[in-house]
Amino acid sequence: MAALAVVLTANAAYPDKIKRIKCPKSVTLTGVVYCGDSPISGVVVSDGELTTTTDEQGIYRLKSKKPCGTVFISTPAGFRAALKDDVRLNYWRTLQYEPGKQERHDFELERVKDSKFSLLLLSDTHFCNNPKIEDLYHFEKMVLPVVKEAVEKSGDVPTYSFILGDITWDRFWYETGFDIERVPSYLKELGYPTPVFGVMGNHDNDPSTIPDDLADFNGSKRYRNVFGPTYYSMNVGSTHIVVLDNIVFKNEVKPDQKQHKGVVGSRNYDLYFTDRQLAWLERDLSYITNKKTPIIVCMHAPLHTYDGEGKVISGLIKGSDKRLVELLKDFASVRIFSGHSHRTSSFVHKQYPNIVEYNITSVGGDLWKTPNATGGLNIGEDGAAAGFRHCLFFGNKCINEWYNVDKIEGRDNLPFRAYDMNTVSRMYSRDERLQHLCRLQSKQIDYSDVSYADYVYVNCWGWESGCSLTITENGKSLPVERVKDSDPLAAKVVFAPAAAKSKKESKKTNRLSVSANMFRAKCATSDATLTITLTMPSGEVFEQTLARPAAFPIE
């Protein structure tokens with residue numbers, strides 16, 4: 001084959017030594033991966049379909065048809081991609097030319113000591129600059145200080161943030177001008193303290209996309225230009241991290257859709273992994289020959305979720321959940337982090353106990369609506385406090401912590417909330433909106449019923465496998481059971497207001513505030529003080545003394 005030379009466009013130490021890369025006509029993507037004045041060999045490079053590794057000169061060559069519009073590296077342990085001028089790391093390049101034309105893209109790495117590192121897993125920020133909900137204000141005042149607190153606690157270790165999809169809110173892209181392209185500069189202006197990696201969410205697609213066979217690819221174009229490929233991987237310390245895209249955008253036009261500025265279709269989508277992506281993942285994982293290597297998977301829609309009545313169901317279609325699990329089953333430790341549901345849960349896969357999934361609620365709770373209505377309480381649909389997970393990794397170990405982002409002066413930062421059901425019962429019997437909700441929705445629990453007398457309920461959103469919850473009354477431990485019941489606070493501030501003007505049951509009103517992490521105990525008295533203790537797998541202990549009668553969280 002005839003050899004061609006791709007002319008250098010970068011200007012850096014090592015690439016100056018490799019000004020021309022010889023490669024055959026069939027090679028359309030090439031470049032070097034380097035650190036300072038040295039090449040880095042063995043780095044995995046991909047176009048989203050094919051993968052290869054760099055040679056001793058740090059050179060990669062791909063016979064690419066450029067199917068995904070990007071080329072990216074899987075950064076090796078001990079390195080990270082060079083920082084852009086904002087919060088992003090430069091591990092990808094947007095392709096410039098048509099499929100048959102050659103182009104060169106070099107990647108610069110920086111050395112980093114990452115045998116110990118930490119991750120902040122946030123989800124569903126829904127940035128939109130909507131003055132009615134004040135999302136940007138609440139993020140700055142409620143979320144950012146807690147993020148900085150978690151970073152400070154991490155100490156002198158590399159720390160990275162992953163926003164698990166729905167970074168923006170497509171509905172407002174053309175109305176308020178806050179689109180996906182605005183995010184990096186906004187976070188930089190705030191002084192966000194870590195590099196940020198993106199995950200593709202359904203609300204991160206361009207709503208002006210024409211609904212045709214290319215809607216998914218075209219809808220994510222602006223996202224790719226800002227946050228890079230919609231699926232990619234990296235190695236940090238001894239851990240391999242994979243980011244996946246399970247949103248297949250359709251944006252079909254429907255006769256009953258609401259009209260919004262710049263929005264062409266209904267912004268609808270399916271939830272599954274494409275065949276191309278799963279084939280790429282299989283190739284990517286083939287480079288991880290040590291099956292004891294910890295694997296982290298970040299994606300938007302959960303692999304498993306709870307339906308409105310607390311039943312565990314698949315979160316994906318077309319068997320995508322099973323296909324993903326098959327690719328991961330042989331690794332000793334797999335953690336999956338997802339968002340989308342605006343609820344909080346943790347699953348251990350029944351067939352493969354090595355696979356654990358954490359579904360993380362939105363940092364904006366119920367789309368940033370509750371802080372203004374509750375004096376600062378920021379909760380999701382299941383009543384869980386809005387927040388994020390902070391994971392500290394060292395070797396094969398992980399310390400997993402939950403951070404609430406509804407901190408109000410004087411309130412403990414606990415990963416659970418306790419309810420004196422005698423107080424809840426009185427509130428339900430007097431609250432007209434709650435009574436209307438219970439009448440309207442046949443499956444909604446009416447806590448005014450006498451059968452709930454003298455119970456204490458605990459919504460424990462920090463719950464995960466290995467936790468223990470104890471409730472004691474007058475020094476005596478009470479039997480604790482896990483139940484599929486609704487959260488009284490979510491019913492009052494999320495569901496009852498939404499159903500207030502409804503006259504009949506519908507899909508909109510038939511939303512339940514069932515918590516996946518609700519526990520209860522029957523007390524012997526109506527007024528004895530209780531001690532509630534949650535012990536985490538790490539050994540950390542959270543304790544609350546609940547003096548009864550206890551007030552409801554809000555008036």
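Above: the structure in question.
Residues numbered from 1 in each chain as written. Predicted model: local features only at pLDDT ≥ 70, side-chain atom pairs only at ≥ 80, totals over all residues. Heavy atoms only, no water.

**Digging into the overall build of the protein**
Our working definition: Helix and strand assignments follow DSSP, with helices taken as H or I runs no shorter than four residues and strands as E runs no shorter than two, numbered in order from the N terminus. Just to be clear, the radius of gyration here is over C-alpha atoms, and the globule rule we use is 2.2 Å times residues to the power 0.38. Type-normalised accessible area, obtained with a 1.4 Å probe on protein chains alone, sets the label of each residue: buried when under 20%, exposed when over 50%, and partly exposed for intermediate values. Every residue pair with non-hydrogen atoms within 4.5 Å of one another is taken to be in contact.
For the protein, the helix and strand inventory stands at 11 helices and 35 strands. Radius of gyration (C-alpha) of the protein: 25 Å, near the 24 Å computed for a compact globule of 555 residues. In terms of its C-alpha atoms, the protein occupies a principal-axis envelope of roughly 85 × 55 × 45 Å. Within the protein, the fraction of its 555 residues that count as buried is 61%. Here the analysis covers contacts within the protein between residues at least 6 apart in sequence; of these, 72% occur between residues at least 24 apart.

**Thoughts on the pattern of salt bridges**
Which entries qualify depends on this criterion: Any Lys or Arg side-chain nitrogen found within 4 Å of a carboxyl oxygen on Asp or Glu counts as a salt bridge.
For the structure shown, the criterion picks out 22 salt bridges. Residue Glu103 pairs with Lys66 through a salt bridge whose shortest N-O separation is 2.6 Å. With Glu103 in strand E11 (residues 103-104) and Lys66 in the loop between strand E7 (59-62) and strand E8 (70-74), this residue pair connects regions lying 37 residues apart in the sequence. With relative accessibility at 3%, the residue Glu103 sits in the buried group. The closest approach of N and O atoms between Lys153 and Glu401, which form a salt bridge, is 2.7 Å. With Lys153 in helix H1 (residues 135-154) and Glu401 in strand E27 (residues 397-404), the pair connects residues that are 248 residues apart, well separated along the chain.

**Remarks on the sheet that holds strand E26 (residues 387-394)**
In plain terms, the rule: In this analysis, strands are considered paired if DSSP registers two or more bridges between them. Axes, fitted as lines to C-alpha atoms, cover a helix only where it is in contact. Angles between the N-to-C directions of the axes lie from 0 to 180 degrees.
Spatially, E15-E14-E13-E26-E27 is the arrangement adopted by the five strands of the open sheet, whose pairing is mixed. Of all strands in the sheet, those with a lone pairing partner are strand E15 (196-198) and E27, marking the two edges. Taking the axes of each pair of neighbouring strands and ignoring which way they run, one obtains an average angle of 20 degrees across the sheet. Bridging between E26 and E27 involves eight bridges; their strand directions are antiparallel. Across the sheet, residue Phe394 finds its bridge partner in E27, namely Lys397.

**What about empty space enclosed by the protein?**
For the record, the criterion: Method remark: on a 1 Å grid restricted to protein atoms, a set of points is classed as a cavity if a 1.4 Å probe fits but cannot get out and as a pocket if it is open with protein on both sides within 12 Å along at least five of seven lines; lining residues have an atom within 4 Å of a point. Grid points are joined across faces, edges and corners, and a volume is the space filled by probe spheres set on the points. Ten residue types, Ala, Val, Leu, Ile, Met, Phe, Trp, Tyr, Cys and Pro, are classed as nonpolar, four, Asp, Glu, Lys and Arg, as charged, and the remainder, Gly among them, as polar.
Counting across every chain of the model gives six cavities of 30 Å³ or more. Lining of the largest cavity is provided by Thr75, Phe79, Arg80, Ala81, Leu89, Tyr91, Tyr160, Phe197, Ser233, Met234, Asn235 and Val236. Elements with a contribution of two residues or more to the lining of the largest cavity: strand E9 (79-81) and strand E16 (232-236). Among the elements that line the lining of the largest cavity, the one with the most residues is E16, at four residues. Its residues assigned to classes, the lining of the largest cavity shows eight nonpolar, three polar and one charged.

**Some points on the nonpolar core**
Nonpolar side chains in soluble globular proteins tend to end up buried together. Note the following rule: Residues belong to a common nonpolar core when they are buried Ala, Val, Leu, Ile, Met, Phe, Trp, Tyr or Cys residues joined through side-chain atoms within 4.5 Å.
Tyr91, Leu119, Leu121, Phe162, Leu244 and Leu328 are the most contacted members of the largest nonpolar core, which totals 71 residues. Beyond its immediate chain neighbours, meaning those up to four positions away, Leu119 contacts Tyr160, Phe162, Ile241, Ile296, Arg389, His390, Cys391 and Phe393.

**Notes on the layout of surface pockets**
Of the pockets and cavities examined, the second largest pocket occupies roughly 570 Å³. Asp216, Phe217, Ser220, Thr274 and Arg276 are the residues nearest the centre of the second largest pocket, which is lined by 28 residues in total. When contributions to the lining of the second largest pocket are tallied by element, the ones reaching two or more residues are E8, helix H4 (215-219), strand E18 (247-249) and helix H6 (275-286). For the lining of the second largest pocket, the class distribution of residues is 13 nonpolar, six polar and nine charged.

**Some thoughts on the sheet that holds strand E32 (residues 481-483)**
Taking strand neighbours across the sheet as the criterion, the four strands line up as E28-E29-E33-E32 in an open arrangement whose pairing is antiparallel. Of all the strands in the sheet, the pair left with one neighbour each is strand E28 (417-420) and E32. Sheet twist, expressed as the mean angle between neighbouring strand axes with direction ignored, is 30 degrees. Of the strand pairs in this sheet, E28 and strand E29 (residues 455-459) are connected by four bridges, and their pairing is antiparallel. Along E29, the bridge assignment pairs Ala418 with Val458.

**Digging into the pairing of strand E12 (residues 107-111)**
Note: strand E3 (residues 29-35) against E12, two bridges, orientation parallel. Bridged to Tyr34 within E12 is Glu108. Pairing geometry for E9 and E12, over three bridges, is antiparallel. Bridge pairing in E12 places Arg80 opposite Glu110.

**Focus: the environment of Glu56**
Within the element layout of this structure, Glu56 appears in the loop between strand E6 (51-53) and E7. The exposure class assigned to Glu56 is exposed, which follows from its relative accessible area of 74%. Once the C-alpha coordinates of Glu56 and Trp173 are considered, the two residues, 117 residues apart in sequence, prove to be 45 Å apart. Ignoring any residue separated from it by four or fewer positions in sequence, one finds Glu56 in contact with Pro39 and Ser41.

**So, the packing of aromatic side chains**
As a reminder of what qualifies: Each aromatic pair joins two rings of Phe, Tyr and Trp (for Trp, the six-membered one) with centres within 6.5 Å, and gets the label stacked for planes under 30 degrees apart, edge-to-face for over 60, and tilted for any other angle. Whether a charge lies above a ring is judged from NZ of Lys or CZ of Arg, which has to be within 6 Å of the ring centre and within 35 degrees of the ring normal.
This structure, assessed with the given rule, holds 26 aromatic pairs. With centroids separated by 6.0 Å and ring planes inclined at 65 degrees, the aromatic side chains of Tyr160 and Phe197 adopt a geometry described as edge-to-face. One end of the pair, Tyr160, is in strand E14 (residues 159-163); the other, Phe197, is in strand E15, and 37 residues separate them in sequence. Of the two residues examined, Tyr160 and Phe197, each falls in the buried class. Centre to centre, the rings of Tyr231 and Trp280 are 5.1 Å apart; their planes meet at 55 degrees, and the pair counts as tilted. On the criterion of sequence distance, the pair formed by Tyr231 in the loop between helix H5 (221-227) and E16 and Trp280 in helix H6 is long-range, its members being 49 residues apart. Summarising the burial analysis for this pair, Tyr231 and Trp280 share the class buried. Connected via pairs of aromatic rings, a cluster forms that spans Tyr91, Trp92, Tyr160, Phe162, Phe197 and Tyr232. Here the basic side chain of Lys84 rests over the ring of Trp92, its NZ or CZ set 5.0 Å away from the ring centre. Here Arg224 stacks its cationic end above the ring of Phe217, 4.1 Å away from the centre of that ring.

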